[in-house]
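Per-entry structural report
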Amino acid sequence: MSVQRTLAIIKPDAVAKGVAGQIITKIEQAGLTILAARMIHMSGEDAGGFYAVHRARPFYQSLCEFMTQGPCLPMVLEGDDAIRRWRDLMGATDPAKAAAGTIRKAFASSIESNAVHGSDAPETAAFEIAYFFSALDIHAR
Ligand code: IDP
Ligand code: MG
């Protein structure tokens, strides 16, 4: 597998719980490199654009409201096979189905308030990284 970049977000519920540091530690211990990070508080328009792919889903409005509840921490992660490795570390969308040792098992409280986001493919990673970061924000090494 080649080196990939993926967009991670520590969602507002996890920031509010004070577990952002623990999540960052898991990222670093997994050997993924943080190339960019910033704290933002999304507007409804910001969240709606980010999740536009889900606009026809019944949970879209509620998801956008959840993502605007408070600040979140988008990050760019890099590593070999990073998209799959970050999703494996996140665990299943529904924490009730998430495997032991995953971030969602440890920190998510519901299928909506599930602590973290991760891109699901190279094309979505490219869109999502560019949604939050310019080239000058990303520190390759
Ligand atoms: P993912 O984050 O595991 O990739 P997606 O299906 O892409 O899951 O959904 C995006 C986000 O929408 C989820 O992380 C979660 O916050 C929310 N979500 C997904 N399914 C539901 C649902 O059935 N009810 C409420 N919220 C949901
Ligand atoms: Mg998804």
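Our structure's up above, just so we're on the same page.
On a predicted model such as this, the values are computed, not experimentally measured, just so you know. (Residues numbered from 1 in each chain as written. Chains lettered and ligands numbered in written order. Predicted model: local features only at pLDDT ≥ 70, side-chain atom pairs only at ≥ 80, totals over all residues. Heavy atoms only, no water.)

**Focus: the sheet that holds strand E4 (residues 116-118)**
Read from one edge to the other, the open sheet built from 4 strands follows the order E2-E3-E1-E4, with strand pairing classed as antiparallel. Both outer strands of the open sheet, strand E2 (33-37) and E4, are each paired with one neighbouring strand and no more. Across this sheet, the average inter-strand angle for adjacent strands is 25°, counted without regard to direction. Here 3 bridges tie strand E1 (residues 3-10) to E4, and the two strands are oriented antiparallel to one another. Residue Ile10 lies in a different strand from E4, and its bridge partner there is Val116. Packing against the sheet, helix H5 (residues 82-90) makes contact with E1, strand E3 (73-80) and E4, and its axis sits at approximately 35° to E1. (Pairing = 2+ DSSP bridges. Helix = DSSP H or I, 4+ residues; strand = E, 2+ residues; numbered from the N terminus. Axes fitted to C-alpha atoms, helices over the stretch in contact; angles between N-to-C directions. Contact = heavy atoms within 4.5 Å.)

**What about the packing of aromatic side chains?**
Tallied over the entire structure, the rule returns 5 aromatic pairs. Judged by centre distance (5.9 Å) and plane angle (50°), the ring pair of Phe50 and Tyr131 falls under tilted. In this pair, Phe50 sits in helix H3 (residues 44-50) while Tyr131 sits in helix H7 (residues 122-132), placing the two residues 81 residues apart along the sequence. For Tyr131, a relative accessible area of 31% translates into the label partly exposed. Between Phe50 and Phe132, the aromatic rings sit 5.3 Å apart at their centres with planes inclined by 50°, giving tilted as the arrangement. (Phe/Tyr/Trp six-rings, centres within 6.5 Å; stacked < 30°, edge-to-face > 60°. Buried < 20%, exposed > 50% of the residue type's maximum accessible area, 1.4 Å probe, protein only.)

**Quick notes on helix H2 (residues 20-29)**
Those residues of H2 that fall on the buried side of the exposure criterion are Ala20, Ile23 and Ile27. Buried residues of H2, seen end-on, are gathered within an arc of 65° and therefore sit on one face of the element. Among the exposed residues of H2, those pointing more than 90 degrees away from its buried face are Glu28 and Gln29. Where H2 ends, the next residue or the one after it, Gly31, has phi of about 85°, a positive value. (Arc of directions from axis to C-beta.)

**What about the nonpolar core?**
The biggest cluster of nonpolar side chains holds 21 residues, and the ones touching the most others in it are Ile10, Ile23, Ile27, Met75, Leu77, Trp86 and Ile103. Secondary-structure elements contributing two or more residues to this core are E1, helix H1 (12-17), H2, E3, H5 and helix H6 (103-107). (Core = buried A, V, L, I, M, F, W, Y, C linked by side-chain atoms within 4.5 Å.)

**Some thoughts on the environment of Ala98**
Looking at the secondary structure, you find Ala98 in the loop between H5 and H6. Leaving out residues up to four positions away in the same chain, Ala98 has contacts with Gly91, Ala92, Arg104 and Lys105.

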